[in-house]
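# Descriptive analysis of the structure
Residue strings, one per chain:
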Amino acid sequence: MNYRGYKELKCYIEARLLRVYIFSLTQKFPASEKYLLTGQIIDSSRSITRNMAEGYGRNTYSDTRNFFIIARGSVTQTMEHLTTAFDEKYITEDELHLGEQKCELVFKLTNGYISYLENLKVLGTGSKQKPNSQSPIPNF
């Protein structure tokens, strides 16, 4: 199967790298955080790519856009969890800054893809057409 679809989106590629980075950070969190911060930050980082994948598979621009907006919210949630991990002294300042940079990149790329979807809709392709069936993959 040669289908790649959402996996070719720059925002998805960077979100995946962020998710892997977050998981690596959690390996040094204390066991007492397993069902608290560890679970929350892993889930929020997974939510980014999960919502991008689901949104990409939706049939309308509106549906796709909404899932990417949810993914963007998960990025900011992940940033807050990074701040908490730093405040609790589970990660270093350098790890926090790198995580924030990764989050900001994903946030900006996701905004770009949301704008791309909004522009396609404005150009008259309509909200009933599947946005990803014949559309070229943008660099977001």
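Up top you'll find the structure we're talking about.
Take helix 3 (residues 61–87) next. Compared with an ideal rise of 1.5 Å per residue, which puts 27 residues at 39 Å, helix 3 spans 39 Å between its outermost C-alpha atoms and is within 8% of the ideal. K89 sits one or two positions beyond helix 3 and adopts a positive phi of about 70°.

Between helix 1 (residues 10–26) and helix 2 (residues 34–56), whose axes approach to 9 Å, the crossing angle comes to 165°. Between helix 1 and helix 2, the angle falls in the class roughly antiparallel. Here helix 1 runs over helix 2; the crossing is left-handed. For the pair formed by helix 1 and helix 2, the contact residues are C11, Y12, A15, R16, L18, R19, I22, F23 and T26 on the first element and T38, I41, I42, S45, R46, I48, T49 and M52 on the second. Residues that form the contact of helix 1 with helix 2 fall into these classes: 10 nonpolar, four polar and three charged.

With that settled, consider the nonpolar core. Ranked by size, the top nonpolar core spans 33 residues in total, and within it L9, I48, M52, L82 and Y113 carry the most contacts. Contributions of two or more residues to this core are made by helix 1, helix 2, helix 3 and helix 4 (93–125). The element that contributes the greatest number of residues to this core is helix 4, accounting for nine residues.

Bringing the pattern of salt bridges into the picture now. One pass over the full model with this rule turns up five salt bridges. Linking D43 and R50 is a salt bridge whose minimum nitrogen-to-oxygen distance equals 3.3 Å. For R50, a relative accessible area of 43% gives the class partly exposed. In this structure, the salt-bridge partner of R58 is E54, at a minimum N-O distance of 2.6 Å. The class for R58 is partly exposed, based on a relative accessible area of 29%.

Its identity is not glycine, yet K89 carries a phi of approximately 70°, on the positive side. Along the chain, K89 falls in the loop between helix 3 and helix 4. For K89, a relative accessible area of 71% gives the class exposed.

Parameters and conventions
Residues numbered from 1 in each chain as written. Predicted model: local features only at pLDDT ≥ 70, side-chain atom pairs only at ≥ 80, totals over all residues. Heavy atoms only, no water. Helix = DSSP H or I, 4+ residues; strand = E, 2+ residues; numbered from the N terminus. Expected span 1.5 Å × (residues − 1). Axes fitted to C-alpha atoms, helices over the stretch in contact; angles between N-to-C directions. Parallel < 35°, antiparallel > 145°, perpendicular 65-115°, else oblique. Left-handed = near helix turned anticlockwise from the far one by under 90°. Contact = heavy atoms within 4.5 Å. Nonpolar A, V, L, I, M, F, W, Y, C, P; charged D, E, K, R; others polar. Core = buried A, V, L, I, M, F, W, Y, C linked by side-chain atoms within 4.5 Å. Buried < 20%, exposed > 50% of the residue type's maximum accessible area, 1.4 Å probe, protein only. Salt bridge = Lys/Arg side-chain N within 4 Å of Asp/Glu carboxyl O.

No statement about biological role is implied by the geometric values presented.
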